Amino acid sequence: MITEIAPAEEKRMAAAPARPGKKRRAWDEAPRWQIYLPLGIYLLFTLIPFYWILLFALRPAGSTSLVPWPVTFDHFQKVWTERSFATYFTNSVYVGIATLVLTTVVALAGGYALARFDFRLKRGFTLALLCSQFVPGALLLVPLFQIFANLRMINSLGSVVIAETVFQLPLSMILISGFIRNVPYSLEEAAWVDGCNRFTAFRIVVLPLLRPGLIAVGSFAFVHAWNHFLFALMFLSDQSKQTIPVGLNTLMSADSVDLGALAAGGIIAAVPVVIVFAFIQKWLITGFSAGAVKG
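Scoring rules and cut-offs
- Residues numbered from 1 in each chain as written.
- Predicted model: local features only at pLDDT ≥ 70, side-chain atom pairs only at ≥ 80, totals over all residues.
- Heavy atoms only, no water.
- Phe/Tyr/Trp six-rings, centres within 6.5 Å; stacked < 30°, edge-to-face > 60°.
- Helix = DSSP H or I, 4+ residues; strand = E, 2+ residues; numbered from the N terminus.
- Buried < 20%, exposed > 50% of the residue type's maximum accessible area, 1.4 Å probe, protein only.
- Contact = heavy atoms within 4.5 Å.
- Patch = residues over 30% accessible without salt bridge, like charges linked within 9 Å, V, L, I, M, F, W, Y side chains within 5 Å.
- Areas by Shrake-Rupley, 256 points an atom, 1.4 Å probe, with all protein chains shown as cover.
- Salt bridge = Lys/Arg side-chain N within 4 Å of Asp/Glu carboxyl O.
- Axes fitted to C-alpha atoms, helices over the stretch in contact; angles between N-to-C directions.
- Parallel < 35°, antiparallel > 145°, perpendicular 65-115°, else oblique.
- Left-handed = near helix turned anticlockwise from the far one by under 90°.
- Nonpolar A, V, L, I, M, F, W, Y, C, P; charged D, E, K, R; others polar.
- Expected span 1.5 Å × (residues − 1).
- 1 Å grid on protein atoms, 1.4 Å probe; cavity = no way out; pocket = protein on both sides within 12 Å on 5 of 7 lines; lining within 4 Å.
- Points joined across faces, edges and corners; volume = space filled by probe spheres on them.

## Quick word on the packing of aromatic side chains
Summed over all chains, the structure comprises 13 aromatic pairs. With a centroid separation of 5.5 Å and 70° between ring planes, the pair formed by Phe85 and Tyr88 is classed as edge-to-face. One end of the pair, Phe85, and the other, Tyr88, are both in helix α4 (residues 85–116), three residues apart, so they sit about a helical turn from each other. Owing to a relative accessible area of 0%, Phe85 belongs among the buried residues under this scheme.

## As for the environment of Phe202
One can find Phe202 in helix α9 (residues 198–209). Classification of Phe202 as buried rests on a relative accessible area of 11%. When the C-alpha atoms of Phe202 and Ala191 are compared, they prove to be 8.9 Å apart, with 11 residues separating the residues in sequence. If we skip the residues at most four places from it in the chain, Phe202 touches Leu108, Tyr112, Leu207 and Leu210.

## Digging into a nonpolar patch on the surface
A surface patch of nonpolar side chains, amounting to about 980 Å² of accessible area, comprises Leu44, Ile48, Tyr51, Trp52, Leu66, Val67, Trp69, Val71 and Phe73. By the secondary structure assignment, Phe73 is in the loop between α2 (33–58) and α3 (74–82). In this structure Phe73 comes out as exposed when scored by relative accessible area, which is 54%.

## Things to note about the packing of helix α7 (residues 157–181) against helix α10 (residues 211–227)
At their nearest, the axes of α7 and α10 sit 10 Å apart, and the two run at 165° to each other. Put simply, α7 runs roughly antiparallel to α10. When you trace α7 past α10, the crossing you get is right-handed. Where α7 abuts α10, its residues Glu164, Phe167, Gln168, Ser172, Leu175, Ile176 and Phe179 lie against Gly213, Leu214, Val217, Phe220, Ala221, His224 and Ala225. Of the residues assigned to the contact of α7 with α10, the class counts are nine nonpolar, four polar and one charged.

## With respect to α10
Helix length check: α10 (17 residues) gives 24 Å between terminal C-alpha atoms against 24 Å at 1.5 Å per residue, within 8%. Counting buried positions over the 17 residues of α10 gives 12, a clear majority of the element.

## Section: the environment of Met234
You can see Met234 is positioned in helix α11 (residues 230–235). Overall, the relative accessible area of 40% leaves Met234 in the partly exposed class. Distance in space between the C-alpha atoms of Met234 and Ile154 is 8.9 Å, their sequence separation being 80 residues. If sequence neighbours within four positions are ignored, Met234 has contacts with Leu141 and Phe145.

## What to know about the layout of surface pockets
The volume enclosed by the largest pocket comes to roughly 360 Å³. The wall of the largest pocket is formed by 18 residues, among which Gln133, Val166, Phe167, Gln168 and Pro170 lie closest to the centre. Those elements giving two or more residues to the lining of the largest pocket turn out to be α5 (122–132), α7 and α10. Looking at the lining of the largest pocket, the element that brings in the most residues is α7, giving nine residues. The residue makeup of the lining of the largest pocket, split by class, is 13 nonpolar, five polar and no charged.

Structure representation (structure tokens):
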């Protein structure tokens, strides 16, 4: 069925200006090869070193093949049993989890104070936290070593946990305070009206909304403590207390380097971090997005 348009309606439609279409920007019209070529080059530069690590770890000792065949796990068995990597792995797990928990709890309390309270020298305190990020960790070795020596904590995993927490706290507090500012203050006020005190309102209302931010801060604290070499090297002298980064250093000597064992140890050190990020990547991206927007 064809509907005839009235002459008046036809004139009105002809006089109406045409709706402009969406204007395409120059970068929207870029050919796909200009996108995929740089990404492919970057991917090659990223994956080739990992392939070489796998190659040295899985091929037999003395082999020069570019393909790990036949596959052998002798290097993994060697570093796990003969080079005490089972002990190093356990110590690193303890240091990483303890640093994660301690950093998150203290940064949560300090970040809430920065976000919700006004006090004298608040800006100066925040500026001091930011400036502390320019101080390299090596400058903290002498005062921390003296403090731990007076407390008789040298050669203790607790000294490494405290040092890692001190190093991670400034940035963690700033990030957590940004996440808390994104939570509307009216939600806490509504909880107060319902009879909650400040701590209960924070636990019931604010804390569940901070999950992405806490995961982001905690994951960085864990990864930094897992990979950090300097504090473990300086504060731990007993081999049974050392962590994986120090254990990897013991595989290299002045005369020779066992490449197969070193590659196997590197894979053992990298696998836990890869697994953690594979599980938390969704919350990690959400946390970064939430912290980047001003509330």
